[in-house]
Structure formats: structure tokens, C-alpha cells
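Chain by chain, the residues run as shown.
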Amino acid sequence: VIVYSDSKELKNIYPIELLEDADNSFTLEQVLNSREFKISSQEIPNLGISKSAFWLKFEIQNNTTNSELNIILEQPNIDLVELYKISSTENHEKVRKGEHEDFYHKNYQHPNYIFDVNIPINESRIFFLKVKANEPLFLPLFICSIKTTITYISKQDILFSFYTGIILVMLLYN
């Protein structure tokens, strides 16, 4: 269980349980009943290059004063990302993202995958994340408040703008 208690912090989601789906055929029902999950020994899982899909399982306990949170996957080149929000009523919610998604239809105009999640205060929720990529697969996964997400995006945009400005000045100078 990942305990999230500081809404001003971008917290790494660790530990994570992993399941390899070698032929990309598992259904959510099979995954929910699987006993094949293994706890990742890496804080940021590095799954290398593989034709397999991978399922990640994690539980988040919300000890903040805000139930509206974000899960951020800092790896924009993943072909397929599906987040399953598990509920006790078996009405599991699925959010599908990936390289196919139009940038301007995202909730946040940012290259990383950002999922809106609702975890009631002082409760926990289980999530499954299915990922598939033809590139090296690193999975830096974080939980944070919406306000922290906006601050995080703004800082990245400022740093990128500063870097771009330096490159432009160097090009014009030469």
C-alpha cells in the first residue's frame, strides 16, 4: 500500500506488483484473479524492450484533505496505457491513453500520461495499469494532487522555455 499524505508532494508509486502478459491476451478478469504478480525490486521499473504487455498493480491510501488526485506516468512514448480503477461493485472504470491520443484532447496538454483519479479521504483504492511499448519501457509513476500537477507542468514548461531560449541565442550568435 502506497500511503499518500502530503498533497504538495509528487510521490513515487512504489512498491508495484508486475505481471507479464506475453501475448497481450489477458482480460481484466484474468488479471484480477491472477496469482502470478511479482513485486518489483526497482523503484522505477525498467522492463527493457519487449513485445509483451505488462500489468502493474498498486494500492493507494489517501491521507490528504483532497480526494481529487492525479496519477502521472512520466514516459510519453508508450504505445498503449490503460488505467483500471477497481471498485467493489465490479463497475471498474477504464481510461485508455497512448501514442494514438490527440494531444489537444488530453485533460492536460502535456506529453506525459496524467490520469484523474478520485480516492476518498482516508480510504484506499486498487489500480491496475496495462502498458505496452515497442521502445525501452521505463515506468516512472507518481501520485499527486491536481494543484501539484499544475505546478509540476509549469516548472517543466519554464525549464524547457529557458533551454529553448539558450539554444536560439546560441544559434543566432553563431
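Everything below is about the structure shown above.
What counts, and where the lines are drawn
- Residues numbered from 1 in each chain as written.
- Predicted model: local features only at pLDDT ≥ 70, side-chain atom pairs only at ≥ 80, totals over all residues.
- Heavy atoms only, no water.
- Helix = DSSP H or I, 4+ residues; strand = E, 2+ residues; numbered from the N terminus.
- Rg over C-alpha atoms; globule rule 2.2 N^0.38 Å.
- Buried < 20%, exposed > 50% of the residue type's maximum accessible area, 1.4 Å probe, protein only.
- Contact = heavy atoms within 4.5 Å.
- Areas by Shrake-Rupley, 256 points an atom, 1.4 Å probe, with all protein chains shown as cover.
- Lys, Arg positive; Asp, Glu negative; His and termini not counted.
- Charge placed at Lys NZ, Arg CZ, Asp CG, Glu CD.
- Salt bridge = Lys/Arg side-chain N within 4 Å of Asp/Glu carboxyl O.
- Pairing = 2+ DSSP bridges.
- 1 Å grid on protein atoms, 1.4 Å probe; cavity = no way out; pocket = protein on both sides within 12 Å on 5 of 7 lines; lining within 4 Å.
- Points joined across faces, edges and corners; volume = space filled by probe spheres on them.
- Nonpolar A, V, L, I, M, F, W, Y, C, P; charged D, E, K, R; others polar.

(A) Representation of the overall build of the protein chain in the model. Per the secondary structure count, the protein chain includes 2 helices and 13 strands. Relative to a compact globule of 174 residues, whose C-alpha radius of gyration would be 16 Å, the protein chain shows 17 Å and is just as compact. Projected onto its principal axes, the C-alpha positions of the protein chain cover 60 × 40 × 30 Å. Of all 174 residues assigned to the protein chain, the portion counted as buried reaches 40%. Considering only intrachain contacts with a sequence separation of at least 6, the fraction spanning at least 24 residues in the protein chain is 77%. In the structure as shown, the protein chain presents an accessible area of about 10,100 Å², 54% of it carried by carbon and sulfur atoms. Taking the 16 positively charged and 23 negatively charged side chains of the protein chain as two groups, their mean positions are separated by 1 Å.

(B) Looking closely at the environment of S67. Residue position: S67 is located in the loop between β6 (53-62) and β7 (68-73). Taking the C-alpha atoms as reference points, S67 and D79, 12 residues apart in sequence, are found 29 Å from one another.

(C) Representation of the pattern of salt bridges. Applying the stated criterion to the full structure yields 4 salt bridges. A salt bridge links E93 to K85; the shortest N-O distance between them is 3.4 Å. Judged by its relative accessible area of 15%, K85 falls in the buried class. The partner of E123 in a salt bridge is R125, with the nearest N and O atoms 3.4 Å apart.

(D) Main features of the sheet that holds strand β13 (residues 141-145). In space, the 4 strands of this open sheet follow the order β2-β13-β7-β10, with antiparallel pairing throughout. Edge positions in the open sheet fall to β2 (11-12) and β10 (113-118), since each of these has one partner strand only. Alignment of β7 against β10, held across 6 bridges, turns out to be antiparallel. Paired with L73 across the strands is Y113, a residue of β10.

(E) Main features of the layout of surface pockets. Empty space within the largest pocket amounts to approximately 200 Å³. The wall of the largest pocket is formed by S7, K8, E9, L10, N66, S145, K147, T148, T151, Y152 and K155. It is helix α2 (residues 146-173) that contributes the most residues to the lining of the largest pocket, 5 residues altogether. Residues of the lining of the largest pocket, tallied by class, amount to 2 nonpolar, 5 polar and 4 charged. Approximately 160 Å³ is the volume attributed to the second largest pocket. Considering the residues around the second largest pocket, the lining is formed by K85, I86, S87, S88, N91, E93, V117, N118, R125, I126 and F127. The dominant element in the lining of the second largest pocket, judged by the number of residues it contributes, is strand β11 (residues 124-132), at 3 residues.

(F) Focus on empty space enclosed by the protein. What the rule picks out here adds up to 1 cavity of 30 Å³ or more. Size it by volume and the largest cavity reaches roughly 40 Å³. Contributing to the lining of the largest cavity are K97, E101, K106, N107, Y108, H110, N112, Y113 and I114. Looking at the lining of the largest cavity, its residues break down into 3 nonpolar, 3 polar and 3 charged.

Just distances and angles here, no functional claims.
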